[in-house]
Amino acid sequence: GAGVSQSPSNKVTEKGKDVELRCDPISGHTALYWYRQRLGQGLEFLIYFQGNSAPDKSGLPSDRFSAERTGESVSTLTIQRTQQEDSAVYLCASSFYGQGGPTGNTIYFGEGSWLTVV
Amino acid sequence: SQKIEQNSEALNIQEGKTATLTCNYTNYSPAYLQWYRQDPGRGPVFLLLIRENEKEKRKERLKVTFDTTLKQSLFHITASQPADSATYLCALVSGDGGYNKLIFGAGTRLAVHP
């Protein structure tokens, strides 16, 4: 597709279970970002990928959170042993340039994966 | 500590008026600042970017100003329409490495009434 695609769009899981969230960035975009947005709040940076490497994972809140990217394309955000405080929208974004590229190029967001931990 | 502040209260205005939203930041020296629109249940959509050496940027009915001395950006929508009702987020670039690590404010909800 033309835009950033995320799946699942909605996920309800029981506390303690693991979840995987998937992001398909725009084709050719080298940079990929994950953000979290709790209800009524702003976006919280989680991790940035340049190609398949993650030079900045400073926003991951705990070691229960991990992410990988393969083929300079698809990325998966994994949350292990989910807690109720993990309930949020997880937004993925991509941009043509990342590190070393010109600043200010547009970032495109997906529609998010809504995670509810019960 | 570093902060980005946007008015947490919703802004209610009448159709046809100009909406002005404020973004203040502290302890950042951003190279540029961006504004996004977010509709309920959707991802943010990029609207405008303004660089530190630019005072003002316009796009159709939108205007953004950037005052690096005051550490403030203003976002204006002229001749507002009910369809402009949404949450507007400001974001500035942070960190080094030259990549677009955007730090977002919490957003201001705008409601334009007919």
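Each remark here, short or long, concerns the structure printed above.
Predicted model, so just to flag it, every value in this text is computed and none were measured.

Cut-off values and rules
Residues numbered from 1 in each chain as written. Chains lettered and ligands numbered in written order. Predicted model: local features only at pLDDT ≥ 70, side-chain atom pairs only at ≥ 80, totals over all residues. Heavy atoms only, no water. Helix = DSSP H or I, 4+ residues; strand = E, 2+ residues; numbered from the N terminus. Rg over C-alpha atoms; globule rule 2.2 N^0.38 Å. Buried < 20%, exposed > 50% of the residue type's maximum accessible area, 1.4 Å probe, protein only. Contact = heavy atoms within 4.5 Å. Areas by Shrake-Rupley, 256 points an atom, 1.4 Å probe, with all protein chains shown as cover. Lys, Arg positive; Asp, Glu negative; His and termini not counted. Charge placed at Lys NZ, Arg CZ, Asp CG, Glu CD. Salt bridge = Lys/Arg side-chain N within 4 Å of Asp/Glu carboxyl O. Pairing = 2+ DSSP bridges. Axes fitted to C-alpha atoms, helices over the stretch in contact; angles between N-to-C directions. Phe/Tyr/Trp six-rings, centres within 6.5 Å; stacked < 30°, edge-to-face > 60°.

> I would appreciate a short explanation of the overall build of chain B in the present structure.
Broken down by element type, chain B carries 0 helices and 11 strands. For chain B, the N- to C-terminal ordering of α and β elements is β-β-β-β-β-β-β-β-β-β-β. The C-alpha atoms of chain B give a radius of gyration of 14 Å, which matches the 13 Å a tight globule of 114 residues would have. When each of the 114 residues of chain B is scored for burial, the buried share is 45%. Put simply, 54% of the contacts in chain B that link residues at least 6 apart link residues at least 24 apart. A total accessible area of about 5600 Å² is found for chain B, and carbon and sulfur atoms account for 46% of it. Considering chain B, the positive charge centre built from 14 side chains and the negative charge centre built from 11 side chains are found 1 Å apart.

> Would you mind going over the pattern of salt bridges with me for this structure?
Pairing between side chains of opposite charge can happen when the charged atoms of each approach one another. Tallying each qualifying case throughout the model produces 9 salt bridges over all chains. When the shortest N-O distance is used, the salt bridge between Asp24(A) and Arg22(A) registers 2.8 Å. A salt bridge links Asp39(B) to Arg37(B); its shortest N-O distance comes to 3.1 Å. Several salt bridges share partner residues, and in doing so they unite Glu56(B), Arg58(B) and Lys63(B) into one network.

> Looking at this structure, I do not really get the sheet that holds strand β8 (residues 72-77) of chain B. What am I missing?
Strand pairing in a sheet relies on backbone hydrogen bonds. The paired strands run either parallel or antiparallel. All names here are of chain B. Spatially, β1-β3-β8-β7-β6 is the arrangement adopted by the 5 strands of the open sheet, whose pairing is antiparallel. Looking at which strands have only one partner, the edges of the open sheet turn out to be β1 (3-6) and β6 (56-59). Taken over all neighbouring pairs, the strand axes of this sheet differ in orientation by 15 degrees on average, direction set aside. Where strand β3 (residues 19-26) lies against β8, 6 bridges are found, and the strand directions are antiparallel. Opposite asparagine 24, over in β8, you have glutamine 72 as the bridge partner.

> Even after reading the chapter, I still don't get the packing of aromatic side chains, so can you show me in this structure?
For any pair of aromatic rings, the description consists of the separation of the ring centres together with the inter-plane angle of the planes. All names here are of chain B. Counting across every chain of the model gives 11 aromatic pairs over all chains. Both rings, one in tryptophan 35 and one in phenylalanine 75, keep their centres 4.9 Å apart while their planes meet at 20 degrees; by these two values the pair is stacked. One end of the pair, tryptophan 35, is in strand β4 (residues 32-38); the other, phenylalanine 75, is in strand β8, and 40 residues separate them in sequence. Judged by its relative accessible area of 0%, phenylalanine 75 is buried. A ring pair is formed by tyrosine 36 and phenylalanine 104, whose centres lie 5.4 Å apart and whose planes are at 55 degrees; its orientation type is tilted. On the criterion of sequence distance, the pair formed by tyrosine 36 in strand β4 and phenylalanine 104 in strand β10 (residues 102-104) is long-range, its members being 68 residues apart.

It is worth stressing that arrangement in space is one thing and function is another; only the former is reported here.
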